[in-house]
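Residues per chain are reported as follows:
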Number of protein chains: 2
Amino acid sequence: MERIIELFKERNIRVTPQRVGVMQTLYPSQEHLTVEGIHAKVKPQFPNISLATVYTILELFKEKKLVREIRVRFDRSLYESRVDPHHHFHCTQCGQTYDVDIDLCPTLKKQRIDGHSINDFHGYFYGICRSCRKEKQC
Amino acid sequence: MERIIELFKERNIRVTPQRVGVMQTLYPSQEHLTVEGIHAKVKPQFPNISLATVYTILELFKEKKLVREIRVRFDRSLYESRVDPHHHFHCTQCGQTYDVDIDLCPTLKKQRIDGHSINDFHGYFYGICRSCRKEKQC
DNA sequence: AGCTTGCACAAGAATCATTATCATCTAAAA
DNA sequence: TTTTAGATGATAATGATTCTTGTGCAAGCT
Ligand SMILES: [Mn+2]
Ligand SMILES: [Mn+2]
Ligand SMILES: [Zn+2]
Ligand SMILES: [Zn+2]
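Residues numbered from 1 in each chain as written. Chains lettered and ligands numbered in written order. Predicted model: local features only at pLDDT ≥ 70, side-chain atom pairs only at ≥ 80, totals over all residues. Heavy atoms only, no water.

Trainee: Would you mind going over the relation of the copies chain B and chain A with me for this structure?
Mentor: For the pair chain B and chain A, the best superposition has an RMSD of 0.1 Å and corresponds to a rotation of 180° with a translation of 0.1 Å parallel to the axis. Within this description, the copies of the chain are treated as partners about a two-fold rotation axis. Residue Gly123(B) of chain B places its C-alpha closer to the rotation axis than any other residue of that unit, at 2.2 Å. Interface overlap between copies is the fraction of interface residues in one copy that are interface residues in the other; for chain B against chain A it reaches 100%, indicating a shared surface. (Least-squares fit on C-alpha atoms with pLDDT ≥ 70 in both. Contact = heavy atoms within 4.5 Å.)

Structure representation (structure tokens):
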């Protein structure tokens, strides 16, 4: 709570209860949430909060580098508060998304590929997660 | 044309003019096209072809591994006929998408990461493409 | 304290990519 | 040629995301 207000002030984000509420659903957890999911999580605290407001707030947070939008799923975006570079694994069975903290070595160090200048790189892995694999073995 | 019919027969895909038309927009070029783009390209040959038909055909081709759907852009899918593993660079200035034929070495060889079993991996690079960079220098 | 101005928010409408429905048509097997 | 499962086109529906607008609050000024 204190930390969140601090983060806002550092970035000149006006502190409002809704913004704090949205940030609390993502920070400091490592969850990857849909907009619907975030909305559902703040609903108890703000019964009237609009879905459009959640979208607007997330857009602001994205610009201010407080959250990251990932598109590991084809159908909708996920949001997370981890903004340091890392990759993602998406289980095609249960739909769960996991962080992948691997250094995909040769590429990240380069600034250029085929003459294109790289600002960002994101690796998406797809497969069956460890939890789903365990269930199968029974 | 002959090659395309051959590809269809190999995979038990019923040969229809519309399917051949859609495949011709992607094969053997290396383009990355939106559904709208594919629809526009086949329109002259099939003035009545429905956008829904293009979606249906692409879905079939995807299942049969004739095309690949990529989601390097957040707003819509792109389709290509290159189905061998490779990655993509997306220019955030002009929106163009390029192939990236780099082996992201350590990860692809592994079958597992953190206990998850990997079936697929895709790297997305974002930045300014060589063509846009040239324009800036003037 | 009252006034002004600019955001922030909620509610709902609008947009736009993608899917689903369904009646009609057709490729290809017999 | 006949038959029939499957393909197509027209259209509606869905669902995520964005836009619009009226209201309300908050900080700065008089
Ligand atoms: Mn993550
Ligand atoms: Mn490609
Ligand atoms: Zn799983
Ligand atoms: Zn470019």
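Having seen the model, we can carry on.
Trainee: Which parts of the structure should I look at to understand the pairing of strand E4 (residues 97-100) of chain A?
Mentor: Side-chain positions along a regular strand alternate between the two faces of the sheet. The alternating pattern of E4(A) places Thr97(A) and Asp99(A) on one face and Tyr98(A) and Val100(A) on the opposite face, and all of these are buried. Between the end of strand E3 (residues 87-91) of chain A and the start of E4(A), which pair antiparallel, lie five residues, with Gly95(A) showing a positive phi angle near 85°. (Buried < 20%, exposed > 50% of the residue type's maximum accessible area, 1.4 Å probe, protein only. Helix = DSSP H or I, 4+ residues; strand = E, 2+ residues; numbered from the N terminus. Pairing = 2+ DSSP bridges.)

Trainee: I would appreciate a short explanation of the protein's contact with DNA strand D in the present structure.
Mentor: Lining the immediate environment of DNA strand D, one finds 17 residues, of which Tyr55(A), Arg76(A), Thr16(B), Gln18(B) and Arg19(B) sit closest. Counting only atoms of DNA strand D within 4 Å of the protein, the sugar-phosphate share comes to 81%. Interatomic distance of 3.4 Å between a side-chain N/O atom of Arg71(A) and a phosphate oxygen of DNA strand D. Taking Ser77(A), its main chain carries an N or O atom lying 3.3 Å from a phosphate oxygen of DNA strand D. Of all elements in the fold, only helix H4 (51-63) of chain A together with helix H2 (17-26) and helix H4 (51-63) of chain B reach the threshold of two or more residues within the surface near DNA strand D. Element by element, the count of residues in the surface near DNA strand D is highest for H4(B), at three residues. Here the surface near DNA strand D is built from residues that sort into six nonpolar, six polar and five charged. (Near = heavy atom within 4 Å. Polar contact = N/O pair within 3.5 Å; in protein donor to acceptor, adjacent residues only side chain to side chain. Nonpolar A, V, L, I, M, F, W, Y, C, P; charged D, E, K, R; others polar.)

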